[in-house]
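Structural overview for review
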Amino acid sequence: MDTKILARIDLNLLVALQVLIEEQSVTRAAERLYITQPAMSKTLQRLRELFDDPLFIRSGRGLIPTPRTMELSAQLPAILSGVSELVVQGKFDPLAYDGEMRIMTAEFIAVQVIPTLTRRMIAEAPFMSLTLTSEAGGEARALEDGNLDFAIEIARPYGSEFHVTPLGSFTPAVWMRADHPLAKKEKLNLREMLEYPFIQYYLLLSGEVSASVESRFDRELAKHGLKRKKTLVTTQLMTAMDALWQTDCLMMATMHDLKIEGETYGIVRKPYPEELDFDNTVPVVLVQHARTIKSPVHQWVKEQIIGIVQDIKEKAKLAARSR
């Protein structure tokens, strides 16, 4: 690519040349371009200098194109069309899109959203690939660098370069197996709870996976001078569920999500003990970088995620009414 030559070219000159080729008249070309005839004549002169060719010869029948003009007439439409497509973004066609979308979210959310998203992709965007990770930490940089397209996580402060869409909120709850000694109790007592071991599943936490890492629940316990026994700490949801089903462990999760898993494992959900002054909602958001906000494919994926979450909410409302 010779940048010196390209720097000399005014795109408007190529547009004017195409109109001249089509009209073969300076007057009619001027009318189509909404400029005066003298201005069109000056444009033709500039074109002649640019291509070092007369381009058109005047005759009684108007302008006669030179051989060089005939060569250009075969190339110009494709060139101008390519420039137009480059500048004007065409309508996104999911059926034709062949690319990858990368999403970071906790497995707890993924099992509710991603299977439906995958099903829709197969039907509506069959060539799209979805890469899913639950590894939190550094997602802001990954979104900025393009290594991630979206993150679904607990709301927190974000810089102005990020766009945040609220998805809803989780209500914290205590999980246990259906025949757990506390399962029949209507209200849980904090000290009675702490007599049992706990599974700490990294629901929407980030950072080091360790029993020494404090969760929101641990920090709330510390305010009361209390501490819990963590028997299992894991990022693996199915492992946590199996362990919960086979032991008297308790697990801090959410009240109204993962219905299928709850039914499969016979899980009972209980509200947090009243002794805890705990925020009863955990807001979850969809985060993307400003660089993708105008991208049609990102907009399509975003709409799918929001729609799926909305469907989950509606089904939860209907289920609550039917009880």
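Since the structure is predicted, the reported quantities are computational estimates derived from the model, not experimental observations.

On to the environment of lysine 302. Its place among the elements puts lysine 302 in helix H12 (residues 296-322). With relative accessibility at 12%, the residue lysine 302 sits in the buried group. In this structure, the C-alpha to C-alpha distance between lysine 302 and phenylalanine 150, residues 152 residues apart in sequence, is 8.5 Å. Once residues lying within four places of it in the same chain are set aside, the contact partners of lysine 302 are Phe150, Thr165, Leu286, Gln288 and Ile293. Polar contacts involving the side chain of lysine 302 include one to the side chain of threonine 165, which spans 3.3 Å.

Strand order in this open sheet of 5 strands is E9-E8-E10-E7-E11, and the pairing throughout is mixed. Only two strands of the sheet have a single neighbouring strand rather than two, namely strand E9 (230-234) and strand E11 (267-270). When the angles between neighbouring strand axes are averaged without regard to direction, this sheet yields 30 degrees. Sheet topology note: the strand E8 (residues 198-201)/strand E10 (residues 250-254) ladder contains 2 bridges and is parallel. When the bridges of E10 are listed, phenylalanine 198 appears paired with leucine 250.

Moving on: the nonpolar core. Counting residues in each nonpolar core, the largest one holds 38 residues, and the members touching the most others are Met128, Ile152, Trp175, Met251 and Ile305. Counting residues per element, this core draws most heavily on helix H6 (residues 107-124), at 7 residues. In this structure, Leu13, Ala30, Met40 and Leu72 belong to the second largest nonpolar core, which totals 21 residues.

In this section: the side chain of threonine 105. Checked against the element boundaries, threonine 105 lands in strand E3 (residues 100-105). A distance of 3.4 Å separates a polar side-chain atom of threonine 105 from the backbone oxygen of isoleucine 152. When residues no more than four places from it in sequence are discounted, the contact partners of threonine 105 are Ala110, Leu132, Thr133, Ser134 and Ile152.

Take the sheet that holds strand E6 (residues 162-170) next. Overall, mixed pairing links the 5 strands, which are arranged E4-E3-E5-E12-E6 in an open sheet. Strands at the two margins of the open sheet, each flanked by one partner only, are strand E4 (129-133) and E6. On average, each strand axis in the sheet is tilted by 20 degrees relative to the strand beside it, whichever way the strands run. Seen against the sheet, H6 touches E3, E4, strand E5 (150-154), E6 and strand E12 (282-289) and runs at an angle of roughly 175 degrees to E4.

Now for the side chain of threonine 234. Positionally, threonine 234 belongs in strand E9. When its relative accessible area of 8% is taken as the criterion, threonine 234 is described as buried. A distance of 2.8 Å separates a polar atom in the side chain of threonine 234 from the backbone nitrogen of glutamine 236. The residues contacting threonine 234, other than those within four sequence positions of it, are Gln200, Tyr201, Tyr202 and Ala240.

Thresholds, definitions, all that
Residues numbered from 1 in each chain as written. Predicted model: local features only at pLDDT ≥ 70, side-chain atom pairs only at ≥ 80, totals over all residues. Heavy atoms only, no water. Helix = DSSP H or I, 4+ residues; strand = E, 2+ residues; numbered from the N terminus. Buried < 20%, exposed > 50% of the residue type's maximum accessible area, 1.4 Å probe, protein only. Contact = heavy atoms within 4.5 Å. Polar contact = N/O pair within 3.5 Å; in protein donor to acceptor, adjacent residues only side chain to side chain. Pairing = 2+ DSSP bridges. Axes fitted to C-alpha atoms, helices over the stretch in contact; angles between N-to-C directions. Core = buried A, V, L, I, M, F, W, Y, C linked by side-chain atoms within 4.5 Å.

Coordinates in, geometry out; function isn't part of it.
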